[in-house]
Amino acid sequence: MSRFMLSYIDRPSPVHSLSGATKLIVFLLWSVLAMAGYDTRIMCVMTVLAIIIFAVSGIKISEMSFILKLLLFFMVLNLVTIYLFAPEQGVSIYGTRHVIAEGKGRFTLTWEQLFYELNVFLKYTTVLPLAMLLIATIQPSEFAASLNRIGVPYTIAYAVSLTFRYIPDVQRDFENISQAQQARGIELSKKQSLLKRFKGTAAILLPLIFSSIDRIDVVSRAMELRSFGKHKKRTWYNYRPFSRGDITVLIIAVLLFALGIWITFKDGSRFWNPFV
């Protein structure tokens, strides 16, 4: 499998054995808890749990290395942008000011700002491992059935499923077009400067967009021929009923979610403040 791929990866693991609906519900609860507050203690625990779940799934980091590097790049970019536009955001949130180093103008480095940006970083590390697992451990058809099971209309669920189904195809088209462009003399390797590689990559986008539009047209015509959307309900080939393992995991997830929400808001604020 290409290192660019972000798609279903089959493994004989406990995570794979759970139904798609269970994994989707757990992910939604997990995301809401992670985004609801800025309690560093809870996010640290969730990050450790997310890493453990990722390890249990049997999926290797190397199988998602490209996506992981891309996400890390945007995480760092986001943290730098936060500091550039709001270097005193942490001070205004926590109400104290402990200076680490005086800078020029408004760019003073404080412990409060570092702590705030640490919490932002932890939010990503809490959610991203499970987000990648959600894609890597659920087949697209089962994912659509799971969405429909929690109340999402099946037309929308099927559209989301198609998106996940064609991510590997778009990635494969990108690689094929890239190799064709390189065969024509456009150098995209690391020997070229970053600017030239960026220009070469931009030349791939136009044929990639046209090939994607052509694929969308073929799929939409096929769906119309089969009267997709005519009925209010539909059955699913990859639907899986809840097992005992699913029910156990859901009970544990709901209890942990309730405990996390209670700890986060028990003092009336969603920010845990170690400076007071």
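Throughout what follows, the structure given in this document is the object of discussion. The structure displayed is predicted, hence computed values, not measured ones.

### Looking at empty space enclosed by the protein
What the rule picks out here adds up to 1 cavity of 30 Å³ or more. Considering only enclosed or pocket space, the largest cavity measures out at about 50 Å³ in volume. Surrounding the largest cavity, Ser19, Gly20, Ala21, Glu142, Ala145, Ser146, Arg149, Asn238, Tyr239 and Arg240 form its lining. For the lining of the largest cavity, the secondary structure elements donating two or more residues are helix H2 (20-36) and helix H7 (140-149). Here the lining of the largest cavity takes 4 residues from H7, the largest share from any one element. Residue classes in the lining of the largest cavity are distributed as 3 nonpolar, 4 polar and 3 charged. Taken domain by domain, the lining of the largest cavity gets at least three of its residues from each of domain 1 (14-139 + 243-267) and domain 2 (145-226).

### Some points on helix H10 (residues 244-265)
Under the 1.5 Å per step criterion, the end-to-end length of H10 is 32 Å for 22 residues, consistent within 8% with the ideal 32 Å. Those residues of H10 not exposed but buried are Asp246, Leu250, Ala253, Gly260 and Thr264. Down the axis of H10, the buried side of the element spans an arc of 100°, and every buried residue falls inside it. Facing away from the buried side of H10 by over 90 degrees, the exposed positions are Arg244, Leu255 and Trp262. In this structure, the buried side of H10 is in contact with H2 and helix H3 (40-56).

### Focus on the packing of H2 against H3
A pair of packed helices can be characterised by two numbers: the angle between their axes and the separation between those axes. Relative orientation of the contacting elements H2 and H3 amounts to 150°, with a least axis distance of 10 Å. The angle between H2 and H3 places the two elements in the roughly antiparallel class. Of the two elements, H2 crosses H3, and the hand of that crossing is left-handed. Touching Trp30, Leu33 and Ala34 of H2 are Met43, Met46, Leu49 and Ala50, all from H3. Residues of the contact of H2 with H3, tallied by class, amount to 7 nonpolar, no polar and no charged.

Rules and cut-offs
Residues numbered from 1 in each chain as written. Predicted model: local features only at pLDDT ≥ 70, side-chain atom pairs only at ≥ 80, totals over all residues. Heavy atoms only, no water. 1 Å grid on protein atoms, 1.4 Å probe; cavity = no way out; pocket = protein on both sides within 12 Å on 5 of 7 lines; lining within 4 Å. Points joined across faces, edges and corners; volume = space filled by probe spheres on them. Helix = DSSP H or I, 4+ residues; strand = E, 2+ residues; numbered from the N terminus. Nonpolar A, V, L, I, M, F, W, Y, C, P; charged D, E, K, R; others polar. Domains from an automatic or database assignment. Expected span 1.5 Å × (residues − 1). Buried < 20%, exposed > 50% of the residue type's maximum accessible area, 1.4 Å probe, protein only. Arc of directions from axis to C-beta. Contact = heavy atoms within 4.5 Å. Axes fitted to C-alpha atoms, helices over the stretch in contact; angles between N-to-C directions. Parallel < 35°, antiparallel > 145°, perpendicular 65-115°, else oblique. Left-handed = near helix turned anticlockwise from the far one by under 90°.

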